[in-house]
Amino acid sequence: MNKHSKSQRLSPKRREELLRVLEARFKKNMNRHEGLEWAKVQTRLEANAEKLWSLNEMEKTGGEPDVVGHDKTTGEYIFFDCSVQSPGGRTSLCYDREALDSRKEHKPKNSATDMAAAMGVELLTEEQYLELQNLGEFDTKSSSWVKTPPNMRKLGGALYYDRRYGRVFPGHNGAESYYGGRGFRRSPRV
């Protein structure tokens, strides 16, 4: 994807601000990415304007994106939303468009999957969510929708995870449900 609409390009000023924020977070949380160097991450970011735009969307909605790994096969750096609680700018969302359309009253403002797609990626998978929880304690007062298997979604359900009582728990709800303390997390690769 080499062509970007103006809405998916950051101004030079915002680009520099975002890179400073990401670098400071990277250096503050070295336990998330031991052995990786910021200069190499920054080089990849600067060469991928659409990924930088996506990371900016994560930052704007409270996700606090940070590097959590490096795929040696592709050379890509893996980012997760690392905010302690589910990103505040992405809460009160039902799971997907089908769930949103099924609500007759009290519709939420959007769905998690639609908002994620507009930001350029999908929800974390269950495996990715558990990887995140190995890096710290997340969602101790909130919960996050995760990518739900099609067979479960077909039956009307959707999965979320949270951390309570020192453990990580999966949960389920009808996909049309939404809560002020439930959002979603993402994982772009750059």
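Here the structure is shown first, and the text comes after it.
Residues numbered from 1 in each chain as written. Predicted model: local features only at pLDDT ≥ 70, side-chain atom pairs only at ≥ 80, totals over all residues. Heavy atoms only, no water.

Draft legend 1. Quick peek at the overall build of the chain. If you tally the helices and strands in the chain, you get seven helices and six strands. Listed by position from the N terminus, the elements making up the chain come as α-α-α-β-β-α-α-α-β-α-β-β-β. The C-alpha radius of gyration of the chain comes to 17 Å, within 12% of the 16 Å expected for a compact globule of 190 residues. Dimensions of the chain, computed from C-alpha atoms along their principal axes, come out at roughly 50 × 40 × 30 Å. Looking at the 190 residues of the chain, the share that counts as buried comes to 47%. Restricting to contacts in the chain with at least 6 residues of sequence separation, those with at least 24 account for 61%. Surface exposure of the chain reaches about 10,000 Å², of which carbon and sulfur atoms provide 50%. Of the charged side chains in the chain, 33 are positive and 27 negative, and the gap between their average positions amounts to 3 Å. (Helix = DSSP H or I, 4+ residues; strand = E, 2+ residues; numbered from the N terminus. Rg over C-alpha atoms; globule rule 2.2 N^0.38 Å. Buried < 20%, exposed > 50% of the residue type's maximum accessible area, 1.4 Å probe, protein only. Contact = heavy atoms within 4.5 Å. Areas by Shrake-Rupley, 256 points an atom, 1.4 Å probe, with all protein chains shown as cover. Lys, Arg positive; Asp, Glu negative; His and termini not counted. Charge placed at Lys NZ, Arg CZ, Asp CG, Glu CD.)

Draft legend 2. Broad picture of the pairing of strand 1 (residues 65-70). Burial analysis of strand 1 places five of its six residues in the buried class, the great majority of the element. Where strand 1 folds back on strand 2 (residues 77-81), the antiparallel hairpin that results is connected by six residues, among which Gly75 adopts a positive phi of roughly 85 degrees. (Pairing = 2+ DSSP bridges.)

Draft legend 3. Quick look at the sheet that holds strand 4 (residues 157-164). Strand order in the open sheet made by the four strands is 5-4-3-6, with mixed pairing throughout. Every other strand in the sheet has two partners, leaving strand 5 (167-174) and strand 6 (182-184) as the edge strands with one partner each. Recorded for the sheet is a direction-independent mean angle of 35 degrees between the axes of neighbouring strands. Packed on one face of the sheet, helix 6 (residues 126-133) meets strand 3 (143-145), strand 4 and strand 5 and runs near 10 degrees to strand 4. (Axes fitted to C-alpha atoms, helices over the stretch in contact; angles between N-to-C directions.)

Draft legend 4. Examining the pairing of strand 4 more closely. The buried fraction of strand 4 is high, at seven of eight residues. Here strand 4 pairs with strand 5 via eight bridges, running antiparallel. If you follow Tyr160 over to strand 5, its bridge partner there is Gly171. Count of turn residues in the strand 4/strand 5 antiparallel hairpin: two residues, of which Tyr165 carries a positive phi of about 55 degrees.

Draft legend 5. Structural detail: the pattern of salt bridges. Scanning the entire structure with this criterion turns up 18 salt bridges. Note that Glu23 is salt-bridged to Lys27, the shortest N-O span being 2.8 Å. Of this pair, Glu23 and Lys27 both sit in helix 1 (residues 12-28), four residues apart, which is roughly one turn of the helix. For Asp114, the salt bridge goes to Arg97, with nearest N and O atoms at 2.7 Å. Pair noted here: Asp114 is in helix 5 (residues 112-119) and Arg97 is in helix 4 (residues 97-102), with a separation of 17 residues, a long-range link. Classification of Asp114 as partly exposed rests on a relative accessible area of 25%. For Arg97, a relative accessible area of 39% gives the class partly exposed. Several salt bridges converge on common partners, so that one network encompasses Arg15, Glu16 and Glu46. (Salt bridge = Lys/Arg side-chain N within 4 Å of Asp/Glu carboxyl O.)

Draft legend 6. Region of the structure containing unusual backbone geometry. In this model, His106 sits at a positive phi of 50 degrees, which is unusual for a non-glycine residue. With respect to the element layout, His106 can be found in the loop between helix 4 and helix 5. Of note, Asp139 is a non-glycine position whose phi angle comes to about 55 degrees, a positive value.

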